[in-house]
Each structure stands twice: as C-alpha cells, then as structure tokens.
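The chain contents come next:
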Amino acid sequence: MRQDQPHLILVDGSGYIFRAFHALPPMTRPDGTPVNAVFGFTSMLGNFLTKHAGSHIAVVFDHSRTTFRNQIYPDYKAHRPDPPPELIPQFALIREATAAFGIACIELENYEADDLIAAYARVFAEEGGQVTIVSSDKDLMQLVNPSVQLLDPIKQKPIREPEVFEKFGVTPDKVVDVQALAGDSTDNVPGVPGIGLKTAAALVLEYGDLEGLLAAADQIKQPKRREALLANAELARISRRLVELDTHTPLPRPIDALLAQPPETGRLAAFLRDQGFRSLLHRLGLEGGEGMPAVSQPRHAPQFIAAQAAAAEPVGTPPEDAAAFGPYETVTDLDTLNRWVEEAQAAGTVALDTETDSLDALRARLVGISLAIAPGKACYIPVGHGPKPGTGDMLEAAPEAPVQIPLAQVLSALRPMLEDPGTLKILHNAKYDLEVLGRPQAEGANSGIDVAPVDDTMLISYSMDAGRHGHGMDELSLRHLGHSPVPYDQVTGTGRARIPFSQVELDKATAYAAEDADVTLRLWQMLKPRLRTDGALALYEHVERRMIGVLRDMEVEGIKVDGAELARIGEDFSARMITLEQRIHELAGKPFNVGSPKQLGEILFDEQKLPGGKRGKAGAWGTDASVLEDLAARGHELPREVMNWRQLSKLKSTYVEGLAAQIDARDGRVHTDFSMAITSTGRLSSTEPNLQNIPIRTEEGVRIRRAFVAKPGHVLLAADYSQIELRLLAHLADVPSLREAFAKDEDIHSRTAADIFHLEPGKVDKESRRRAKTINFGIIYGMSAFGLGARLGIGAGEAKGIIDAYFAQYPGIRAEMERLKEEARINGFVLTPFGRKLWIDGIASKDMARRGNAERAAINAPFQGGAAEIIKRAMARMPKALREARLNAKMLLQVHDELLFEVPENEVDQTAAIVKQVMEGVAVLRVPLRAEIGQGPNWAVAH
DNA sequence: TACATCACG
DNA sequence: GACGTACGTGATGTAC
C-alpha cells in the first residue's frame, strides 16, 4: 500500500449493526428505547477510527428489503426474517451516531449496501486511490484487486487475493462465476443443483468463466453434472446476476462528500450522553467534551495502520519490472538442450521441476523436465509424451507421438549438470523429484541420477513460516509473487476426464511445466535471503535440507508387511463382527447399520431413552467412545458391544484392508510418503499409507503391528525417546525436582505424584500416579481444570485443587505457560528451544473460544516442536554415523519419538549402541535425553 | 463434500 | 457471568 495515495475506507454498516445486535445482550435507555445495537455499533466504529484513518470514509447501509434483485428473482433473500422489533428503532440512532463521528452515511433505495460499496470502490480506484472495505462478507470478495482490499473487522485481517483464492479456489474476478454455480443458501441464490464450491471452482478454472462452461456443457463427461448444467443454464445465469454487484450503481453523494472530517466532538459527546454511553465517553476521551483524537488528516498523508496489516508480510505486489511468466521454450533437439545446460552451469543456479505420470514417486515415469535459469527464462524438455489419444475411429491414421529427444540422451546431457557440485539445483518439494530421478529411468542411463546440491523452496518457506500458511507452490506464488500459476487441473482435466500428463499437448505442457520452474526460481530469489534475516538459516541448512535425502531413502526402502497374516487377521475380525452385529441387533430390538452413528444415536437416546445424550452441532446425538463408555459403565450392554464392534471395524477397514492394498507387489513392502511441510509444529506427517498411526494400544491392535516384519536374516530395532516432551518441560521451565528425577532416571509421574500429593517417595499408589500422569500430559496441552476433571472422572473443583498443588510445587511451569501465551500474543509466534518459529493462528482473535484454542496451541507448540526437532537432528546424523561404523542397518520409519530400523541379525548390538549414542547426544539440555531400544522379528516385539 | 469417529504420538 | 474446555496428525464410513 503506497503511503501518498488517497485512501477510501468503506464500512459495511449493515454488517456492523447485525453483529453488534447479536453480540450484545439487550440494553435500554432510561426511556425504554433498546440501544444494544447502537452501543455496539458506536463502540466498534469509535474503536476502528482510533486505529485506522483514510483520506475518505463512509459508512454504507442497506436501504430497504426489496431491491432490483427481487425483480430478477423474487425469492432472492426471501428466507431472511424481518429484523427483530427491538432493532427497528435503533437504525435511525445508528445513522445519527455515524454523522456525529463526521462520517458520511450512504444508502440508496432499490440497491443493497454491497452495490454502493462496489460502485464507490470502482470509481475511487479508477481515480488512482486505494480502497479498504471493512467487512468480512464473502459477497464482497469479488471486488478485491490490487487497489481494493477487504478488512475483516473481527479478525482484523486484510483479505486480499490469496485469501479470496483460499476461500473460493479462484481469483476475485471469477468469484461471481463460482457463486453462480454453487449458489448460496443464506441469500437464497439457487445455483446449479449438485454443484458445490469445490466443483464450481474446478469448472471455472477449466472453462474460464460461466459462459465458457455453459457453451461447452454438452461435452462434460460426467452425465449427472452435464445434465444439471444443461437443465439449469438459465438458473445459473440468473444466479450470476444476483451475486454480481453493480459497480455502476448511481452514487448518491459525490466522492468529495466522503472526505474524512474531524469529528464534531461536541455533537458526538452529546449523542453519547443522550444514550447513556458513559463508558464510551471515557474510552473515546470525550468526558470533558473535547480531546477526541482527529480521525484523520484530510487531504494528505493518509495512513493505513492496522497493526495486523503492518505486521503481515507484503502480499501479492509484484515488482513493476518483473519478467513475464512465459512464453517458454519447448526443447526438442539436442543442440538446444546442451545450450540450456551450459547456461545453467554458467549461471551456477538452476530451478528444476519434473513432470511424471503419477504422484507415487516409486512408480512415476518421467514425462518431462523443466529448467529455469532466470526469471521468465525457462524451458520444458519433453521426454515421455505419447500420441494424442485417438477418437477410436478405425479409419483414422494411428496418431504419432510428438518429436522429442530420446530419454536416455536427455538424461546423459543433464547428468553432469545435475550432479555438478558447482551448480545449485533449486526445486519445490525436492524429495519427490529426487526420488524419481534417483531411479534408473531409461536404458543407456542405467543408474539413477544423484541430484546435488539442492535447495528446496518448500522447505525454505516452511523453515520460516510453519503454521502461518501452506507451502504449496501455487499458494506461495500467489502470496509472494502475486501470480497464479496455471492450475494442474486445467492442464490435465479432472475426475473421469483427466488425462495423464504424457498426453498433454506440448505447448500446453510447456506453459505449465516451465512456469513451475520459473516460479520456483523466483520464490527462491525472494525467500532464500529471508532465511538469514529471519534467523532460520541454520535450521534450514542443518535440519530440513538434510532430511530430504534421509527421508527419500526411508521411503524407497519401505517396510515389509506380511500380507498373508493380515488376511488371517481380517478373517477372524470378520467372523467376530458378524456375531457382534447379531447380538447388537438383538439388543436394539431391530436390525440397523451399526456403522451409522446417526442410527445408533436414535436407537440409544430416542428409542431406548438412555441418559447422557448430547447433541452435536449438526443436531445429531453424540455416540463417540466416551459417551458409549459412560453408558457401558452404567451396565448397559448395547453400547459395550458397539464399542467392540467399532474397534474391529476400524482395524479391519483401515489397517487390514487399507494396508494390504498398499503392499507393493514388487517387493512385498509398503512405502509411505512423509510430508515435510504440513504440520504447524515441525513434526513430519505420513500418508498413503499413514505409518505413524499403526495400532498398539489394544491386543487386537498389537496383532496388526505384528504383521510388520523384518526381512530374512534381519530384525527390527525400535528406538524410543523416553518422555521427551516432559524432559523439554523440565528443561524449559527449569523445574528442579523434575530435573533431578530425570537426572536420576526416576519414574517421572511417581515423582510428580509424590511432590503434589505430599507422599513419601517410593510410597506412591497407582491412583496417585495415574492422576499425576494425566496432569503432566495435560499441562503440555494447556489443559483447564474442567478438562482435567473430565479425564480423571472428578469434579472441576477437585481438579482445580490438584492443578493448584501442581503449580505450587512447580512455580516455574506456571510462569513458562504465561510466558508462552505472552510471546505468542506479542509476536504471533512462539520459538522452540532450538529457535524454530512456530506461527500461532488466531492468537489475537477477539473470539474467546478461538483465542483459547490458539493459546493452548501456543503452550503445546514448543514441546511438540522441540521434540520434533530433536528427532530430526538425530535422523540427519544417523546415516553417516551408521556408515562410519560400517553398519548396514536401514532406517525405515519415524513415529514422532521413535525410529524403526531393519538390521542384519549379526549387527544388532553394535547398531543399538550407535543409534542410542546418536539419539541421546543430539542435544544438550538441562536434563539428559534417553533412548530406549528394543528388537525382534516384528514391530510389536521390537517396540 | 462435511461430519463423526478413531488410530497414533 | 458465560464462553468452551487437551495438542498435533490421517483414513474411513455414512449421509447429504
């Protein structure tokens, strides 16, 4: 936002009123007039004005219920109830309040406030000004552009292109097309039945806009969707007219009438006194009838000083001299390829991206490679594009594949550059590309390419901005470059119509693929220097970057799973489920779908009238394990049997069947995909399959874990960090008693129990230890007395007593909890003990529930994140340590505080010693780190 | 697609 | 005085 431009602030008055009215309890003036909305409105507006100023400002209101849209579609907003009677007399007072602030009130018969906002925003922006619309109404998001932003009055968060994209999946200029398709039940906009937000966004991306889509509707592959679009084309067009704001609405007042004026303090003070708003008089500094700060300095130096906006990084402002994103070159002859390789090596840095026919890196075949060596200067080298799919017409000549350099020649030409230590390869999510390129891809290029050295823009972003936003390329591009890359779905289509990338025409493939390399290079140029200034360079260099190769090797290695054993377990579970189901139906008095929480809830609470039913937000009865457990404890048999059934059902579908489907037929092993940049705390996550949540807690679950086995001649070795998060608690909060217990390798929960219940050490009973354990864990989750009571099955009062005793014994812990909340509030992030920034979303929210969540996340983040970092450091060091000891163990899995290895039988003891040494020596805290090691033929035994 | 549920640390 | 109530993930089935 330029500082010397005129700046118009448009406040959505109706939104303010609505919120004020519903947020506040009824209030009346002495004469009986209801004024809660007036108070809320005045308070919010006054508050806003102390923080923001523009050269121009207006509050815009709806005039009446019916507008021109009702002539288009009589049912528009027909569901809206009339305003409540107590609100009606407050409208006039609110306009009076606005005027007393020296602010123009704008409204116009037959138009909605949104249309007036649209028209003023357009005119003002066309004259070169900046516009801020104070509203969070999604219907206004279509107005966002480089000159116009929304400001969410609750979250105090600017809404610009990236936020709109997040909400609608398209850029602001396409929002109306998406809304027209998806409809809007709150405004009674019909849309096209069966099409929701996601589908609408995908269609608009693919066909450009609504008309483009409707013109091509008869070619849509999905029959249901095609029929819906064809049958409802006119309804969609009407919907579009309903949601599109009229930027040419007549302006009831000229722009000059919106010039910011100093408030008429006398009039404002008189108004506030008349309403009896003494607290506002005080807050706005008007008690003596003067001293109200000017809301602005008209005509010059308008400033936009939202604290949040100032703290946020710049979004979507491309430098004016930025190179264009394309056109790019398609490389189909060897001479041209060699020229690109030479230039890349001369430049010393090159961004790189691979295109494949699968997201599964272990199966993916290379389809093409793109390179970028300067912004705007990028190329695409197709290597695996096939012929365009034929129409199936027998008379048609067999289609031919486009001309391409043979794969083996491409790899030979690229290999020296990709393996050149003097040329830095920049990738986005390098682990995937390295996994693909590391496999032999062609005859004559019979070994994989070991790409190095590597920078990864996804990890650079994650190292600085974990928890702040996602780290996908499209999102980062929009956020940092102000550019939306061509969406993948637009190139290949979606769903049934999707074609493999190898069948995409070369010009389209080039536009997409080369752009990705170009974007990666530009992101690197923008983000890499920030690593140093943000203090995240060491974290990136020494932890995240080194994890790329480590995790790639683990994924490629996989872990052996005994499919036959899984099948046997499945048989057993199935048989038991059938018996259970019969018994459950008998107890229910009729057959029903046991897997349906809805049907179960109705039987338990509507039919059998069991006590303790609670309805969820959708109005359905809650039937989760804690509810069923309560009922079972009262002696009811049905809920107990349902719990048993559910356990088997979960294990069977997720682990027996789901896991079996993931076994790679080529090696009998499962290969997970570790995500490096998903979690807000620095942990990894694991998908397809998730190998970080394999059962262990029940005997049935242990059977599943037994199916994870070592290959012949090997054993599995598991190494667990013992109590790592509690050690971090003792370290961070510097708790003498806990430090001593860890130093002496005592049982930490017994020590806590002895401390807070004043028991003799060594005479701690089981129940006291259980309570101490619950509170120890509860503490690092930011738990309340209510929560502790619920978990311990005691009242909140008794729980509070325990918490008080805990903090009395460990005052450092309470101080640390407070410090973390404070740190998050001031900075927006907390730091792990190793200096990683973890951004806490919602910490400044005025919504107490939301803020409460954020505060608990802030308390937990350093412990979870610190532990994640410790194990990552150990993992980064492990391969070298094993290599130097001439050991052949392979690291297979990481489960947050555990590492799993496959070890030759005759190397077990040596390997255990090295693993323990690396894990325990990776960080020096005020307490020792301890790793516990187990081994066996399967994971259940090793753990 | 949204929600409820439940597997793990 | 009410609010909502333990952190972080991913996969599955039902119901819309």
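What counts and how
- Every chain is numbered on its own, with residues counted from 1 as its sequence reads.
- In the order they appear in the text, chains get letters beginning with A and ligands get numbers beginning with 1.
- Predicted model: local features are reported for residues with pLDDT of at least 70 only, side-chain atom pairs are reported and counted for 80 or more only, and whole-chain, interface and lining totals are derived from all residues.
- As a rule here, side-chain values cover all heavy atoms of the structure and leave hydrogens and water aside.
- Secondary structure elements are taken from DSSP: a helix is a run of H or I of four residues or more, a strand is a run of E of two residues or more, and numbering for both begins at the N terminus.
- C-alpha atoms define the radius of gyration in this analysis, and the globule rule sets the expected value at 2.2 Å times the number of residues to the power 0.38.
- Summary of the burial criterion: residues with accessible area below 20% of their type's maximum are buried, those above 50% are exposed, and those between are partly exposed, where the area comes from a 1.4 Å probe applied to protein chains only.
- Should any heavy atoms of two residues lie within 4.5 Å, those residues are considered in contact.
- Every accessible area reported is derived by Shrake-Rupley at a probe size of 1.4 Å, with residue values counting cover from the shown protein chains alone.
- Positive: Lys, Arg. Negative: Asp, Glu. His and the chain ends are not part of the count.
- Charge positions come from single atoms, namely NZ of Lys, CZ of Arg, CG of Asp or CD of Glu.
- Pairing between strands is defined by DSSP: at least two bridges between the two strands are required.
- For this purpose, a residue is taken to be near a molecule or strand whenever a single non-hydrogen atom of the residue falls within 4 Å of it.
- Any pair of nitrogen or oxygen atoms within 3.5 Å is treated as a polar contact; in protein, a donor-acceptor pairing is required on top of that, and neighbouring residues in sequence qualify only through side-chain atoms on both sides.
- Think of it as three bins: nonpolar holds Ala, Val, Leu, Ile, Met, Phe, Trp, Tyr, Cys and Pro, charged holds Asp, Glu, Lys and Arg, and polar takes everything else, Gly as well.
- Two aromatic rings, drawn from Phe, Tyr or Trp (for Trp, its six-membered ring), form a pair once their centres lie within 6.5 Å of each other, and the interplanar angle then sorts them: stacked below 30 degrees, edge-to-face above 60, tilted otherwise.
- Only when the NZ atom of a Lys or the CZ atom of an Arg is both within 6 Å of the ring centre and within 35 degrees of the ring normal do we say a charge sits over the ring.
- UniProt positions are given in the numbering used here, feature names are shortened, and annotations may be inferred rather than shown by experiment.
- Inter-axis angles, ranging from 0 to 180 degrees, are taken between N-to-C directions of lines fitted to C-alpha atoms, where helices are fitted over the stretch in contact.
- Salt bridge criterion: a side-chain nitrogen from Lys or Arg within 4 Å of a carboxyl oxygen from Asp or Glu.
- This arc corresponds to the set of directions leading from the helix axis out to the C-beta atoms.
- Should an angle lie under 35 degrees it is considered roughly parallel, over 145 roughly antiparallel, and from 65 to 115 roughly perpendicular; all remaining angles are considered oblique.
- Buried Ala, Val, Leu, Ile, Met, Phe, Trp, Tyr and Cys residues form a nonpolar core when they are joined through side-chain atoms within 4.5 Å.

### Some details on the overall build of chain A
Next up, step 1: When its secondary structure is counted, chain A shows 37 helices and 23 strands.
Next up, step 2: Against the 2.2 N^0.38 benchmark of 30 Å for 943 residues, chain A shows a C-alpha radius of gyration of 32 Å, consistent with a compact globule.
Next up, step 3: The principal-axis extents of the C-alpha atoms in chain A amount to approximately 90 × 85 × 65 Å.
Next up, step 4: Looking at chain A as a whole, 52% of its 943 residues qualify as buried.
Next up, step 5: For chain A, the share of sequence-separated contacts (at least 6 apart) that also reach a separation of at least 24 residues comes to 69%.
Next up, step 6: For chain A, the computed accessible surface area is about 42,100 Å², with 52% contributed by carbon and sulfur atoms.
Next up, step 7: Positive and negative side-chain charges in chain A, numbering 106 and 127 respectively, have mean positions lying 5 Å apart.

### Regarding the pairing of strand S1 (residues 7-12)
Next up, step 1: Counting buried residues in S1 gives six out of six residues, a clear majority hidden from the surface.
Next up, step 2: Here S1 pairs with strand S2 (residues 56-60) via five bridges, running parallel. By the bridge assignment, Val11 is partnered in S2 with Val59.

### Remarks on the protein's contact with DNA strand C
Next up, step 1: Around DNA strand C, 33 residues are found, and the nearest of them are Ser596, Gly778, Tyr781, Arg791 and Met848.
Next up, step 2: Taking the atoms of DNA strand C that fall within 4 Å of the protein, sugar and phosphate contribute 59% of them.
Next up, step 3: Contacts to DNA strand C include Asn593, whose side-chain N or O atom sits 3.4 Å from a phosphate oxygen.
Next up, step 4: Measuring from a phosphate oxygen of DNA strand C, one finds a side-chain N or O atom of Gln599 at 3.2 Å.
Next up, step 5: Taken together, the elements giving at least two residues each to the surface near DNA strand C come down to helix H24 (597-607), helix H26 (637-660), strand S16 (685-687), helix H31 (766-780), helix H32 (785-792) and helix H35 (848-884).
Next up, step 6: With six residues, H35 is the single largest residue contributor to the surface near DNA strand C.
Next up, step 7: Each residue belonging to the surface near DNA strand C can be placed in one class, and the counts come to seven nonpolar, 20 polar and six charged.

### Considerations on the packing of aromatic side chains
Next up, step 1: According to the stated counting rule, one finds 13 aromatic pairs in the structure shown.
Next up, step 2: Ring centres of Phe39 and Phe277 lie 5.0 Å apart, and the angle between their planes is 80°; this geometry places the pair in the edge-to-face category. Taken together, the residues span a long stretch of sequence, with Phe39 in helix H2 (residues 36-51) and Phe277 in the loop between helix H12 (265-275) and helix H13 (278-283) at a distance of 238 residues. Like Phe277, Phe39 is buried.
Next up, step 3: An aromatic cluster is present here, built from Tyr380, Tyr488, Phe501 and Tyr512 joined pairwise through their rings.
Next up, step 4: Residue placement shows Lys837 over the ring face of Phe829; its charged tip is 4.9 Å from the ring centre.

### Some thoughts on the UniProt feature "domain: DNA-directed DNA polymerase family A palm" (unreviewed entry) in chain A
Next up, step 1: Under the feature "domain: DNA-directed DNA polymerase family A palm" (unreviewed entry), the UniProt entry names residues 701-907.
Next up, step 2: Across residues 701-907 one finds 60% helix and 14% strand; the C-alpha atoms that close the span lie 29 Å apart.

### Topic: the protein's contact with DNA strand B
Next up, step 1: Residues in close proximity to DNA strand B total 22 residues, the closest being Thr623, Lys650, Ile696, Arg697 and Asp897.
Next up, step 2: Among the atoms of DNA strand B close to the protein, meaning within 4 Å, 76% are from sugar or phosphate groups.
Next up, step 3: Asp624 is positioned such that a nitrogen or oxygen atom in its backbone is 3.5 Å from a phosphate oxygen of DNA strand B.
Next up, step 4: Here Arg646 contributes a side-chain N or O atom positioned 3.0 Å from a phosphate oxygen of DNA strand B.
Next up, step 5: Of the residues that constitute the surface near DNA strand B, the class distribution is seven nonpolar, seven polar and eight charged.

### Observations concerning the sheet that holds S2
Next up, step 1: Overall, mixed pairing links the six strands, which are arranged S3-S2-S1-S4-S5-S6 in an open sheet. Both edges of this open sheet fall to strand S3 (104-106) and strand S6 (157-159), since each of them pairs with a single strand only. Each neighbouring strand pair of the sheet contributes to a mean axis angle of 30°, computed without reference to strand direction.
Next up, step 2: Bridge analysis of S1 against strand S4 (residues 130-134) gives five bridges, and the strand direction is parallel.

### Section: the pattern of salt bridges
Next up, step 1: Per the counting criterion, the structure on display carries 68 salt bridges.
Next up, step 2: Lys652 is paired through a salt bridge with Glu657; the nearest N and O atoms lie 2.9 Å apart.
Next up, step 3: Overall, the relative accessible area of 41% leaves Glu657 in the partly exposed class.
Next up, step 4: The partner of Glu816 in a salt bridge is Arg819, and the shortest N-O contact between them spans 2.9 Å. Of the two residues, Glu816 and Arg819 are both situated in helix H34 (residues 811-827); the distance of three residues between them amounts to about one turn of the helix.
Next up, step 5: Overlapping salt bridges bring together Asp465, Arg468, Arg530, Asp534 and Lys837 as one network.

### Let's talk about the pairing of S2
Next up, step 1: Of all five residues making up S2, five are buried, and the element is well covered by its neighbours.
Next up, step 2: The two faces of S2 match: His56, Ala58 and Val60 on one face and Ile57 and Val59 on the other face are all buried.
Next up, step 3: One ladder, built from three bridges, connects S2 with S3; its direction is parallel. Each bridged residue has a counterpart across the sheet, and for Val60 the counterpart in S3 is Ile106.

### A look at helix H8 (residues 197-207)
Next up, step 1: For H8, the set of buried residues is Ala200, Ala201, Leu203 and Val204. Looking down the long axis of H8, one finds its buried residues gathered within 165° of arc, a one-sided arrangement.
Next up, step 2: Count one or two residues on from H8 and you reach Gly208, which has phi positive near 90°.

### Remarks on the packing of H32 against helix H33 (residues 796-809)
Next up, step 1: Between H32 and H33, whose axes approach to 8 Å, the crossing angle comes to 110°. Judged on the interaxial angle alone, H33 and H32 are roughly perpendicular. Here Ala785, Phe786, Leu788, Gly789 and Leu792 of H32 come into contact with H33, specifically with Ala796, Ala799, Lys800, Ile802 and Ile803.
Next up, step 2: Tallied by class, residues from the contact of H32 with H33 come to eight nonpolar, one polar and one charged.

### Considerations on the nonpolar core
Next up, step 1: Grouped together as the largest cluster of nonpolar side chains are 183 residues, with contacts concentrated most on Leu371 and Ile813.
Next up, step 2: Per element, the largest residue contribution to this core is 13 residues, and it comes from H35.
Next up, step 3: Once residues within four sequence positions are removed from consideration, Leu371 is found in contact with Trp340, Val350, Ala351, Leu352, Lys377, Ala378, Cys379, Ile381, Leu414, Met417 and Ala517.
Next up, step 4: Ala58, Ile106, Phe124 and Val144 belong to the second largest nonpolar core, which has 49 residues in total.

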